[in-house]
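Here is how the chains run, residue by residue.
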Amino acid sequence: MQYKQTLNRTFFALSDPTRRGILERLARGPATIGELAAPFGLTLNGVKKHVGILETVDLVVTEKVGRARTCRLGPAQLEEATGWIDGYRQVWERRLDRFGAFVEEGG
């Protein structure tokens, strides 16, 4: 059950394009909440909410530096999510291989 809860939270965090954009930006290096907000046209509070969701699954870590809150990529390991995706990818590849064989046989 814990496996499903963690997986669900991870996929929820990754489901939003703004949160994925935040992760893409942080892959280039740390940024403040203000720096993250600018390209998305969001308020600081809006970005804080997105960052908070990413923090719950350890995809982002924040640290208060003076008056600014700096964000960086967190220690989260995505093996659980990629394992789940790979399992379904393999199922679909097998199905497509069978379909391709069927079509080639003139099915």
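Conventions adopted
- Residues numbered from 1 in each chain as written.
- Predicted model: local features only at pLDDT ≥ 70, side-chain atom pairs only at ≥ 80, totals over all residues.
- Heavy atoms only, no water.
- Helix = DSSP H or I, 4+ residues; strand = E, 2+ residues; numbered from the N terminus.
- Rg over C-alpha atoms; globule rule 2.2 N^0.38 Å.
- Buried < 20%, exposed > 50% of the residue type's maximum accessible area, 1.4 Å probe, protein only.
- Contact = heavy atoms within 4.5 Å.
- Areas by Shrake-Rupley, 256 points an atom, 1.4 Å probe, with all protein chains shown as cover.
- Salt bridge = Lys/Arg side-chain N within 4 Å of Asp/Glu carboxyl O.

**Q** Quick rundown of the overall build of the chain? Include the residues and the values.
**A** When helices and strands are counted, the chain shows five helices and three strands. From first element to last, N terminus to C terminus, the chain shows the α and β order α-α-β-α-α-β-β-α. The C-alpha radius of gyration computed for the chain amounts to 19 Å, which surpasses the reference 13 Å derived for 107 residues by more than 25%, pointing to a less compact arrangement than a globule. Each principal axis of the C-alpha distribution contributes one length, and for the chain these read about 70 × 30 × 20 Å. Per-residue burial for the chain yields a buried fraction of 23% across its 107 residues. Taking as baseline every contact in the chain between residues at least 6 positions apart, the subset at least 24 positions apart corresponds to 49%. Summed over its atoms, the accessible surface of the chain is roughly 7500 Å², and 56% of this surface lies on carbon and sulfur atoms.

**Q** Now, about the environment of Pro39: what can you tell me, with residues and values included?
**A** By the secondary structure assignment, Pro39 is in helix H3 (residues 33-40). A C-alpha to C-alpha distance of 49 Å links Pro39 and Phe102, two positions 63 residues apart in sequence.

**Q** Describe the pattern of salt bridges, naming the residues involved and giving the relevant values.
**A** Taken as a whole, this structure holds two salt bridges when the rule is applied. The closest approach of N and O atoms between Glu93 and Arg89, which form a salt bridge, is 3.0 Å. With Glu93 and Arg89 both in helix H5 (residues 79-104) and four residues apart, this pair spans about one turn of that helix. Among the residues examined, Arg89 registers a relative accessible area of 38% and is labelled partly exposed. Several salt bridges share partner residues, and in doing so they unite Asp86, Arg89 and Glu93 into one network.

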